[in-house]
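Chain and residue survey
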Amino acid sequence: MTSFLSRKGRTAAACAVTLGLGLTLTAAAPAVAADTTGRQRAQYEAEQVHHFLEGFYGNHGPRPWERENLVAEELKRRAGEITEYDLLLCSQNVPKDITVGEVTTAQSAGVGWASIWLGWGEGQEVSVFTAYVDLDADKPLKLLDVACEPPEIP
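Given the structure is predicted, the values throughout are model-derived calculations rather than measurements. (Residues numbered from 1 in each chain as written. Predicted model: local features only at pLDDT ≥ 70, side-chain atom pairs only at ≥ 80, totals over all residues. Heavy atoms only, no water.)

On inspection of all chains with the given rule, the structure shows 1 disulfide. The disulfide bridge from cysteine 90 ends at cysteine 148, spanning 2.1 Å between sulfur atoms. Its torsion about the S-S bond being -80°, the disulfide of cysteine 90 and cysteine 148 is classed as left-handed. A residue pair is termed long-range when its members are at least 10 positions apart, and cysteine 90 in the loop between α4 (73–81) and β3 (97–106) and cysteine 148 in the segment after β6 (143–147) qualify at 58 residues. By relative accessible area, which is 19% here, cysteine 90 ends up buried. (Disulfide = S-S within 2.5 Å. Helix = DSSP H or I, 4+ residues; strand = E, 2+ residues; numbered from the N terminus. Buried < 20%, exposed > 50% of the residue type's maximum accessible area, 1.4 Å probe, protein only.)

Moving on, we get to the side chain of aspartate 134. Looking at the secondary structure, you find aspartate 134 in strand β5 (residues 126–134). One polar contact links the side chain of aspartate 134 to the main-chain amide nitrogen of aspartate 136, over a distance of 3.1 Å. Within the structure, aspartate 134 has its side chain in polar contact with the side chain of lysine 139 (distance 3.2 Å). Not counting the four nearest positions on each side in its chain, aspartate 134 is found in contact with Tyr44, Gly110, Lys139, Leu141, Lys142 and Leu144. (Polar contact = N/O pair within 3.5 Å; in protein donor to acceptor, adjacent residues only side chain to side chain. Contact = heavy atoms within 4.5 Å.)

Okay, the sheet that holds strand β4 (residues 111–119) next. One open sheet holds the 4 strands; their spatial order is β3-β4-β5-β6, and the pairing between them is antiparallel. Of all the strands in the sheet, just β3 and β6 have a single pairing partner and so form its edges. Going across the sheet, the axis of each strand differs from the next one's by a mean of 25°, ignoring polarity. (Pairing = 2+ DSSP bridges. Axes fitted to C-alpha atoms, helices over the stretch in contact; angles between N-to-C directions.)

Enumeration according to the criterion identifies 9 salt bridges in this entry. Salt-bridge contacts for glutamate 66 lead to arginine 63; the nearest nitrogen and oxygen are separated by 2.5 Å. Between lysine 139 and aspartate 134 there is a salt bridge, with the nearest N and O atoms lying 3.2 Å from each other. Its relative accessible area of 42% is what places lysine 139 among the partly exposed residues. The class of aspartate 134 is buried, set by a relative accessible area of 17%. (Salt bridge = Lys/Arg side-chain N within 4 Å of Asp/Glu carboxyl O.)

This part is about the nonpolar core. Judged by nonpolar contacts, the single largest core of 26 residues is most densely connected at Leu53, Tyr57, Ile116 and Leu143. If you list the elements that add at least two residues to this core, you get α2 (46–57), β3, β4, β5 and β6. Of the residues forming this core, the biggest block, 5 residues, is contributed by α2. Those residues within four positions of tyrosine 57 in sequence are excluded, and the remaining contacts are Pro62, Leu88, Leu89, Ile98, Ile116, Phe129, Ala131, Leu143 and Val146. (Core = buried A, V, L, I, M, F, W, Y, C linked by side-chain atoms within 4.5 Å.)

In this structure, glutamine 43 sits in strand β2 (residues 40–43). A relative accessible area of 0% places glutamine 43 in the buried class. Separated by 95 residues in sequence, glutamine 43 and aspartate 138 have C-alpha atoms that sit 7.7 Å apart. Among the polar contacts made by the side chain of glutamine 43, one reaches the main-chain carbonyl oxygen of glutamine 107 at a distance of 3.0 Å.

Pairing of β3 with β4, which is carried by 8 bridges, proceeds in the antiparallel orientation. By the bridge assignment, valine 103 is partnered in β4 with alanine 114. Counting the residues in the hairpin turn of β3 and β4 gives 4 residues, including glycine 110, whose phi is positive at 75°.

What follows is the structure in structure tokens.
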């Protein structure tokens with residue numbers, strides 16, 4: 001059987017496929033940052049953090065499994081001490097819907113964050129708080145902290 005591509009053409013095509021695959025794999029890999037010792041470490045990127053927060057909060061807030069397995073120990077402790085409201089939602093009530101805003105990452109600090117918008121139904125006010133996530137890709141994504149005060153808008 002004869003080939004339509006010459007050997008040189010097949011080699012060029014194989015290189016193009018390999019290069020394209022390499023770029024695809026690179027785009028899917030976590031970012032890399034240096035720690036205080038100069039050692040390189042992999043970090044999650046904004047898109048990965050956004051996906052995590054959407055899954056964590058869902059439409060009405062984190063379920064018991066997320067609360068137990070996807071929250072940093074210190075935040076779990078603080079949340080358990082507060083009885084007046086749900087610290088992870090910065091709210092006393094269950095919202096009708098939740099929207100995760102744009103994620104910002106500070107690679108040098110190893111933290112990513114996003115505004116979380118809580119909707120209470122048509123014609124109702126919207127609440128906003130900030131959720132913080134650890135970017136260290138050597139560990140599973142976890143919610144590190146929340147700031148219940150709305151972010152300042154410049």
